[in-house]
Amino acid sequence: MSIDRATRTSQSTVERSGSAPLLEVADLRVRFHRRGRHVHAVNGLSYRLHPGRMLAIVGESGSGKSVSVRSLMGLLPPTAEVTGSARLDGLELVGMPEKEVRRHRGADIAMVFQDPARSLNPTMRVGDQITEAVRAHTDLDRVQARERAVELLRLVRLAAPERRFHEYPHQLSGGMRQRVMIAIALGARPRLLIADEATTSLDVTTQAQIMELLLDLQERLGMAVILISHDLGLAASYAQDVIVMYAGRAVEQAATTELFEHVRMPYTRALLGAIPTLERPAHTLLPVIPGQPPDLASLPEGCPFRPRCASATERCGEAPPFVEHEPGHWWACWHPATDEEATP
Ligand SMILES: Nc1ncnc2c1ncn2[C@@H]1O[C@H](COP(=O)(O)OP(=O)(O)OP(=O)(O)O)[C@@H](O)[C@H]1O
Ligand code: SF4
Ligand SMILES: [Mg+2]
């Protein structure tokens with residue numbers, strides 16, 4: 001695994017982080033009401049994201065990654081109750097009326113998902129789909145919007161954009177379709193792009209190409225990117241900042257280089273232990289982390305990781321607060337690893 005890319009980019013964006021944050025999330029909570037049960041999907045998430053920076057949110061399946069970002073876009077069902085605050089350039093998104101949310105969705109915040117085949121309309125040429133997205137968010141006429149669509153295909157580095165413009169989704173490979181989805185997302189020049197497992201279904205080489213593209217767009221357009229992934233290795237290679245989520249909470253958060261040099265939380269260490277390396281190839285890995293995440297409908301008392309944690313003591317019966325223990329490095333744990341223990 002290489003974190004050189006993140007090291008390089010974290011230096012180039014540090015100066016920019018002096019600017020005002022684009023997104024400020026504070027104590028975000030999402031509860032689903034279902035058949036008399038309350039599912040606590042997100043339980044007090046707080047972070048700041050600056051323009052031109054990539055933040056990765058990582059964690060196991062069901063940790064609340066997708067719900068936390070979908071709540072920013074008004075993409076949750078009516079059974080969801082969202083509280084707390086999420087400000088985009090000072091504009092409060094939580095509790096915003098649906099009509100207004102729709103105006104911002106796509107225009108200020110855009111999202112790309114895991115499965116481009118399902119997100120694209122199979123009966124419509126890809127160029128027309130991008131043109132529609134451009135027209136929905138700008139006042140360009142049809143001819144100008146088509147020109148912009150070809151430009152966008154070029155921007156996402158799709159070879160032979162004029163020819164591809166006239167093709168249908170089934171004529172493109174998975175990687176090309178994801179490039180088209182990114183072009184659609186960029187149609188309105190969003191300030192924040194959310195990639196939710198956007199490369200998960202792609203082979204390793206195509207995954208790396210799409211990640212390089214996202215990084216390039218982030219740098220060139222000054223866009224902020226949230227990368228949602230269960231893969232801490234991928235996050236480390238591309239994002240400058242990482243939030244590790246467990247049971248709907250942030251449990252560790254830092255700049256990528258800091259996190260990897262001084263990992264504190266036992267859960268993050270366990271996730272790191274599951275990353276293949278040259279010395280430890282994927283086929284020799286133990287099952288990711290023994291045990292199951294807690295039932296979000298009846299969260300246990302104390303630290304939610306306690307039943308699976310080798311470092312747990314009686315003290316962990318009380319929930320550890322999520323605190324900035326070292327400059328820029330936050331974690332929630334009573335027994336963090338020391339520097340000697342921290343190297344996985
Ligand atoms: N519409 C819904 N109604 C009820 N519960 C929901 C709904 N959507 C999500 N959840 C629950 O919220 C929790 C968090 O889900 P979320 O999709 O955010 O997880 P995730 O971290 O993105 O997982 P994955 O890696 O599998 O995508 C899960 O327990 C899920 O079952
Ligand atoms: S607080 Fe205790 S149970 Fe929770 S991660 Fe830390 S050591 Fe483990
Ligand atoms: Mg998800």
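Residues numbered from 1 in each chain as written. Chains lettered and ligands numbered in written order. Predicted model: local features only at pLDDT ≥ 70, side-chain atom pairs only at ≥ 80, totals over all residues. Heavy atoms only, no water.

The protein chain appears in an unreviewed UniProt entry as ABC transporter ATP-binding protein from Saccharopolyspora rhizosphaerae. Its UniProt record gives the protein chain the following Sequence similarities (unreviewed entry) comment, quoted word for word: "Belongs to the ABC transporter superfamily." (UniProt positions renumbered as here; feature names shortened; annotations may be inferred.)

A. Structural detail: the site of ligand 1. Taken together, 13 residues lie near ligand 1, and Ser61, Gly62, Lys65, Ser66 and Val67 sit nearest. Measuring from an oxygen atom of ligand 1, one finds a side-chain N or O atom of Ser61 at 2.5 Å. At 2.8 Å, a backbone N or O of Gly62 approaches an oxygen atom of ligand 1. In isolation ligand 1 offers 640 Å² of accessible surface; the protein chains occlude 68% of this area. Mapped by element, the contributors of at least two residues to the shell around ligand 1 are β1 (23–34) and α2 (65–70). When residues of the shell around ligand 1 are assigned to their parent elements, the largest contribution, 3 residues, is made by α2. (Near = heavy atom within 4 Å. Polar contact = N/O pair within 3.5 Å; in protein donor to acceptor, adjacent residues only side chain to side chain. Areas by Shrake-Rupley, 256 points an atom, 1.4 Å probe, with all protein chains shown as cover. Helix = DSSP H or I, 4+ residues; strand = E, 2+ residues; numbered from the N terminus.)

B. Layout of helix α8 (residues 174–186). The first and last C-alpha atoms of α8 sit 18 Å apart over 13 residues, in line with the 18 Å expected at 1.5 Å per residue. Summarising burial for α8: 10 of the 13 residues are buried, a large majority. What α8 keeps buried is the set Gly175, Arg177, Gln178, Arg179, Val180, Met181, Ile182, Ala183, Ala185 and Leu186. Buried positions along α8 lie against β6 (109–112), α4 (116–119), α5 (126–137), α6 (142–155), β7 (192–196) and α9 (204–221). (Expected span 1.5 Å × (residues − 1). Buried < 20%, exposed > 50% of the residue type's maximum accessible area, 1.4 Å probe, protein only. Contact = heavy atoms within 4.5 Å.)

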